[in-house]
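Below are the chains, spelled out letter by letter.
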Amino acid sequence: MENCDEAHRMELITAYDQMVQSARVNDGRGFYQAILDFAASGIAATKNPVLLQLIDGIMPNLRRLQYVAIALKADALEESTRYFKIIIDALETRDPEKGVAAIEAYIEAEQSFAIAALKNSPLAGYIG
């Protein structure tokens, strides 16, 4: 994120704005797409082929986890936007550690939420 060019920066801001708008109207699909757009732009901005390949390999699993988390908390999406605001702010202040910490916190929160929700659902017998 530290070397993010203006085009990627604007893509990140546009995706964040779409995320906020989708959250305000409880549009889970719009929110999900905005997160995918945000992630794709952030990853592309790194211009790091090793990271791109790594993320490409784990992205299907991340997308599934993200979809489940959003579907289960469609009425509380605005809470999640704060992580992305921190990422945008970190980009503006050129503070990559702050951005990374926000990404890690978001992933951990979403994973914990999805796992807890699934454990309390009829699908509990299918997860390990």
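Residues numbered from 1 in each chain as written. Predicted model: local features only at pLDDT ≥ 70, side-chain atom pairs only at ≥ 80, totals over all residues. Heavy atoms only, no water.

### Things to note about the overall build of the chain
Rules: Think of it this way: any DSSP run of H or I at least four residues long counts as a helix, any run of E at least two long counts as a strand, and we number them from the N terminus. To get the radius of gyration, use the C-alpha atoms; to get the globule rule, take the number of residues to the power 0.38 and multiply by 2.2 Å. Exposed residues in this analysis have more than 50% of their type's maximum accessible area, buried residues have under 20%, and partly exposed residues fall in between, with area computed by a 1.4 Å probe over protein chains only. What makes two residues a contact is simply this: any of their non-hydrogen atoms within 4.5 Å. Here the open area of atoms and residues is found with the Shrake-Rupley method and a 1.4 Å probe, where only the protein chains shown may cover a residue. Charged-residue counts in this description rest on Lys and Arg as positive and Asp and Glu as negative, His and the chain ends being excluded. Note on charges: their place is set at NZ of Lys, CZ of Arg, CG of Asp or CD of Glu.
On a plain count of helices and strands, the chain comes out with 5 helices and 0 strands. What you see in the chain, going N to C, is helices and strands ordered as α-α-α-α-α. Against the 2.2 N^0.38 benchmark of 14 Å for 128 residues, the chain shows a C-alpha radius of gyration of 15 Å, consistent with a compact globule. Each of the 128 residues in the chain was classed as buried or not, and the buried ones make up 34%. Partitioning the contacts of the chain with sequence separation of at least 6, the portion at a separation of at least 24 is 66%. For the chain, the computed accessible surface area is about 7,900 Å², with 56% contributed by carbon and sulfur atoms. In the chain, the 12 positive side-chain charges and the 18 negative ones have mean positions that sit 3 Å from each other.

### A closer look at unusual backbone geometry
Look at K47: it is not a glycine, yet its phi comes out positive at around 55°. Here K47 shows up in the loop between α2 (28-46) and α3 (49-72). Not every positive phi belongs to a glycine, and R94 is a case in point at roughly 55°. Mapping R94 onto the fold places it in the loop between α4 (78-92) and α5 (96-119).

### Looking at the environment of E11
As for its placement among the helices and strands, E11 is situated in helix α1 (residues 6-24). Sequence spacing of E11 and S41 is 30 residues, and the spatial spacing of their C-alpha atoms is 6.4 Å.

### Some points on the pattern of salt bridges
The test is simple: Salt bridges are counted wherever a side-chain nitrogen of Lys or Arg sits within 4 Å of a carboxyl oxygen of Asp or Glu.
Taken as a whole and judged by the stated rule, the model has 5 salt bridges. For E6, the salt bridge identified is with R9, shortest N-O distance 2.9 Å. Residue E6 and its partner R9 are located together in helix α1, separated by 3 residues, close to a single helical turn. Given a relative accessible area of 21%, R9 falls into the partly exposed group. Residue K73 pairs with E110 through a salt bridge whose shortest N-O separation is 2.6 Å. With K73 in the loop between α3 and α4 and E110 in helix α5, the pair connects residues that are 37 residues apart, well separated along the chain. Pair check on accessibility: K73 and E110 agree, each one buried.

### Let's talk about α4
Put simply, the test is: A helix is expected to span 1.5 Å multiplied by its residue count minus one.
Between its first and last C-alpha atoms α4 spans 21 Å; for 15 residues at 1.5 Å apiece the expected length is 21 Å, and the two agree. Within α4, the full set of buried residues consists of S80, T81, Y83, F84, I87, I88, A90 and L91.

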